Amino acid sequence: MTVLSRSIGTHLQAPEIAKLKTYLVGIISRELDKRPVSHDQRQQVVQTMLEQAYERTKVQLPQTARSQLFKDITDEVLGYGPIQQFLDDPDVNEVMVNGPNKVYLERKGKLVKTNIVFEDGDHVLRVIERIVFPLGRRVDIDTPIVDARLPDGSRVNAVIPPVAIDGPSITIRKFRKDKLSIEQLIEYDSLTKFMAEFLRACVIGRLNIVISGGTGSGKTTLLNILSSFIPEDERIVTIEDAAELQLPQDHVVRLESQPQSADGKSAITIRDLVRNSLRMRANRVVVGECRGGETLDMLQAMNTGHDGSLTTLHANSPRDAISRMETMALMAGLEMPLKVIREQIASAIDLIVQRSRLRDGARKITAITEVVGMEGDTVVLTDIFKFEHTGVDADGKVLGELKPTGIRPLFSSRLEASGYKLNSEVFGANLSDVLSSNVERGRRRK
C-alpha cells in the first residue's frame, strides 16, 4: 500500500477514495474469514481492524472524510452496503433498488429518488447474497427470485437477471421495532376513537375479520393491532410468509411458510399451515395474508369453530375483497360452483376493514363494512363507517371525514354477548354512548 499512498498523496479524489475503500474492505473481509468472531464482537473487531489497516496506508484524510469512509466500510462489511443508512433511518418505510444506479425510498408516505449508487450489478448481487445466505436460501440463474427477511424482521424481495432486465433489484419493507398502537393510529387520523372502540368490540366478540387494502396501505400494521385485542385466555396460531406479527399474548404459536430448499426438500406453504392449524386446537387463526388456495381453507376454518379469526388480502374496496376471495378460493383446485363459494364467504366473514393509502401518502381506514349475507347470487355488504372525501388542500393533503353511516350492524347481539352493548340508537356522533363496555367479557360463538 506504500506505493498507492505515495501516488495518491493526502488529497484524494472520489475515484481514489473508492479505490481505498475497496482495498480496506478486502483486507477486513479476508481477516474476518481467517478469524470468525461472534456476532456481538464483530462491530468492535471490525473497528479495530479498520483503524489498524488505515494507519498502514499512511493516508491522512480530514476527520469528516475519514469518519464517512469508516462508516461506509463498516456498512459494507457488517451491513448491506450503500442502503444500510436507510435501514438505520426510522423515518424510512421502504427501500427499493432498481439496478445499481437507481435507489428509491419511501419516507413518510412519499417516494423519493436518492443519489446513492452501487459500484455495479455485482455489488447489488453481493448484498442480495449476504441477505439470503444466512437463511439457507439461494439466488442464481435457476432461482432468480427470492423472498427473505432481515434479522430485524424486515421483508425482502430480490430479483436478478435474466428476470430483472436492468440489473439485480431489491425491495425491502422495513419492520417497525416499535409496534404502533391503536392510540397512535387515532392520532395519525387513520381512524376515529369511535371506530377503534367498535373494532375492539368486534375482535373480542369473535367476529371473523378481513383487512383489505392495496400494497403499502398498512394492512399488517392494523392486523397486528387488532390481534392484540384477543383475550389472554385464548390460544392463537399465527401463520405468515415472513413472521412480522408481534402479539403481546402469552399463548401464541407462530408458524412461518418455507420455500423449497436448495437440496430439493418440499416447500411448506401457507395452505399447508392453515390446514395444520385446524389440528392445533386454536381458538383463533390469524393469517398474515391470503394470496391463493389457502383462502378456501381459511373460510372453512372460520365456518367450523374458529370464529374470531383474522386475515388480510389485497383489494381496493370491500366489494373487490369479495371478488378477490372468490378468485383465490377457486385457486384451491376444487370444482365448486361460484355460488357455493359465495355462500362460504357470506357465512364465514363478518366484517371487512378497508385500508387505503391516499394520494398524499396518508394511510386510513376508509370503510368498515358488514357482510350481511346472500341475496340471490350476490353477497350483500353494508357500510358501518365510511371515509367521505371532500377535496384536496393547497399542500396536496387529502381532505375528508371518517363518519358512521347510521346503519346498525346485524351482529349487534353478538357484541352484547361479549360485553359490548349497542344502544338502540344508530351509530351517531358519540360512539362512546353507543358502545359501553361491561366488566364481564362473556363470549359466545356463532
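Thresholds applied
- Residues numbered from 1 in each chain as written.
- Predicted model: local features only at pLDDT ≥ 70, side-chain atom pairs only at ≥ 80, totals over all residues.
- Heavy atoms only, no water.
- Salt bridge = Lys/Arg side-chain N within 4 Å of Asp/Glu carboxyl O.
- Helix = DSSP H or I, 4+ residues; strand = E, 2+ residues; numbered from the N terminus.
- Buried < 20%, exposed > 50% of the residue type's maximum accessible area, 1.4 Å probe, protein only.
- Pairing = 2+ DSSP bridges.
- Axes fitted to C-alpha atoms, helices over the stretch in contact; angles between N-to-C directions.
- Contact = heavy atoms within 4.5 Å.

Before going further, it helps to examine the pattern of salt bridges. Throughout the structure, instances matching the rule amount to 23 salt bridges. Put simply, arginine 291 and aspartate 241 hold a salt bridge, and the shortest N to O gap is 2.1 Å. One end of the pair, arginine 291, is in the loop between strand E10 (284–287) and helix H11 (294–303); the other, aspartate 241, is in the loop between strand E8 (236–240) and strand E9 (252–256), with 50 residues separating them in the sequence. On the basis of relative accessibility, which here comes to 40%, the residue arginine 291 falls in the partly exposed class. Residue aspartate 241 is classed as partly exposed on the basis of its relative accessible area, which comes to 36%. Between arginine 414 and aspartate 350 there is a salt bridge, with the nearest N and O atoms lying 3.2 Å from each other. Note that arginine 414 is positioned in helix H14 (residues 412–417) and aspartate 350 in the loop between helix H13 (338–348) and strand E12 (351–357), a separation of 64 residues in sequence. Each of the two residues, arginine 414 as well as aspartate 350, counts as buried.

Read from one edge to the other, the open sheet built from nine strands follows the order E9-E8-E10-E11-E7-E12-E13-E14-E15, with strand pairing classed as mixed. The sheet is open, and its two borders are formed by E9 and strand E15 (398–404), each paired with just one other strand. Put simply, the sheet's adjacent strands are angled 25° from each other on average, direction ignored. Direction of pairing for E12 relative to strand E13 (residues 363–375): antiparallel, over a ladder of seven bridges. Within E13, the position partnered with isoleucine 352 by the bridge is threonine 369. Where helix H10 (residues 270–277) meets the sheet, it contacts E8, E9 and E10, and its direction lies at approximately 170° from that of E8. Of the strands in this sheet, strand E7 (209–213), strand E11 (310–314), E12, E13 and strand E14 (378–392) touch helix H12 (residues 318–330), which is tilted by about 135° from E14.

Residues of strand E4 (residues 145–149) alternate between two faces, with Val146 and Ala148 buried on one and Ile145, Asp147 and Arg149 left unburied on the opposite face. Bridge count between E4 and strand E5 (residues 155–159): five bridges; the pairing is antiparallel. In the sheet register, aspartate 147 faces E5, and the bridge partner there is asparagine 157. Two successive antiparallel strands, E4 and E5, enclose a turn made up of five residues, where glycine 153 displays a positive phi of approximately 100°.

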